[in-house]
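Spelled out from the first residue to the last, the chains are:
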Amino acid sequence: MNEIAPPLPPLPEGFRLPFYYGALHNVGVDYLVPPERVNGHLAGTGLSAGLLDGKACVSFNYQLYFAQFDFGPSVTQEIELNIIAFPTASSSLLPDLTYSQFAQGEDQTKLRGNWRIQVACDAPIAIRAGKMLFNEPKFPAWFKTTMPSPNADPDAVWKVECLDASLTPDGNDIIKHDKPLFSFRVDLAGLLPAPVSIAPFTEYGTDPKQRTLAAPLNVYQAYQHYALDGRGRERVSLTVEDPRSGIGADLLALTKDVHPVGVWSYQSPIVAAQNRPYYTATKP
């Protein structure tokens, strides 16, 4: 007897999907770690670590994105700490890949996806949406950043500092605290990137009944991937200022004694430019 297909998960009142990004700037860092290091985070999820070169993949990424709503614009920053995982029941469909193949987007099954274990975010509306739609482990934070930009001198360095914050009593704003949680620096100068078709990203989460959800995140242009080829120590620095915070403790435990194997980035294309003025004739 064929099983009856389940309906789509319901949407909480006040939310709608898809959520459309007006612009996105994104950088991520990948680590390969012993599989036993991530197993505790996956227990009871119905997911298993998506091994690459026989190792589990831990990845964190910084996002700056813009969205337009009927009530006005919203600008959000967040950092996800992920374990690359897949539904255990689909193990027979999962291709055996190296990290290089995965980074180049060769797993078009998209079964390998992001199981989010920590998400720091500076926008209350995004925190609510993440929790209510996907049960993301999202918490308030704020950020100090430097990133490549066409509106600055040419530079290929990303610097991001994540600091502690709390929500106001009404939950509609954040209170910034002068307490760094962690920071990272990524120097891509002189590295030749490869365009990769790695999106859509499958984002795994749970619903209130602890049923596993899978939601694709489409990005409509190619990412740039930088293979570090043993240069992770010199290209990426990660500093945990508060090891007692949840995200600080997880970063230390998951990435100890290993160095990044790859970096990927995406920046939305320029859509308009206000040019330099010139003097115009005022007399014939």
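As a reminder, the structure under discussion sits directly above these lines.
Predicted model only: the values in this text are computed from it and were never measured.

Asker: Describe empty space enclosed by the protein, and please don't skip the residues or the numbers.
Answerer: Unoccupied space between atoms shows up once a probe the size of one water molecule is rolled over them. Taken as a whole and assessed by the stated rule, the structure comprises two cavities of 30 Å³ or more. For the largest cavity, the calculated volume is near 200 Å³. For the largest cavity, the lining is made up of 18 residues, of which Ile84, Phe102, Arg112, Ile198 and Phe201 are closest to its centre. Those elements giving two or more residues to the lining of the largest cavity turn out to be helix H2 (99-103), strand E5 (113-121) and strand E10 (201-206). One number sums up the size of the second largest cavity: a volume of about 70 Å³. Leu24, Asn26, Asn61, Gln63, Glu80, Asn114, Phe201, Glu203, Leu217, Tyr223 and Trp264 are the residues that line the second largest cavity. Counting residues per element, the ones that place at least two in the lining of the second largest cavity are strand E1 (23-33), strand E3 (56-69) and E10. Considered class by class, the residues forming the lining of the second largest cavity number five nonpolar, four polar and two charged.

Asker: Just give me the short version of helix H5 (residues 246-255), but keep the residues and values in it.
Answerer: The periodicity of an α-helix, 3.6 residues per turn, causes residues three or four positions apart to be oriented the same way. Of the positions making up H5, those classed as buried are Ile247, Gly248, Asp250, Leu251, Leu254 and Thr255. Taken end-on, H5 shows its buried residues confined to a sector of 165 degrees, consistent with a single buried face. Just downstream of H5 lies aspartate 257, where phi reads positive at about 65 degrees.

Asker: Run through helix H3 (residues 124-134), naming residues and quoting values.
Answerer: For H3, the full list of buried residues reads Pro124, Ala126, Ile127, Ala129, Gly130 and Leu133. Residue asparagine 135 follows H3 closely and has a positive phi angle near 55 degrees.

Asker: Tell me what's going on with the layout of surface pockets, and back it up with residues and numbers.
Answerer: Computed from the structure, the second largest pocket encloses a volume of approximately 300 Å³. Looking at the second largest pocket, it is lined by 15 residues, and the ones nearest its centre are His25, Pro150, Ser268, Pro269 and Ile270. Residues that form the lining of the second largest pocket fall into these classes: nine nonpolar, six polar and no charged.

What counts as what
- Residues numbered from 1 in each chain as written.
- Predicted model: local features only at pLDDT ≥ 70, side-chain atom pairs only at ≥ 80, totals over all residues.
- Heavy atoms only, no water.
- 1 Å grid on protein atoms, 1.4 Å probe; cavity = no way out; pocket = protein on both sides within 12 Å on 5 of 7 lines; lining within 4 Å.
- Points joined across faces, edges and corners; volume = space filled by probe spheres on them.
- Helix = DSSP H or I, 4+ residues; strand = E, 2+ residues; numbered from the N terminus.
- Nonpolar A, V, L, I, M, F, W, Y, C, P; charged D, E, K, R; others polar.
- Buried < 20%, exposed > 50% of the residue type's maximum accessible area, 1.4 Å probe, protein only.
- Arc of directions from axis to C-beta.

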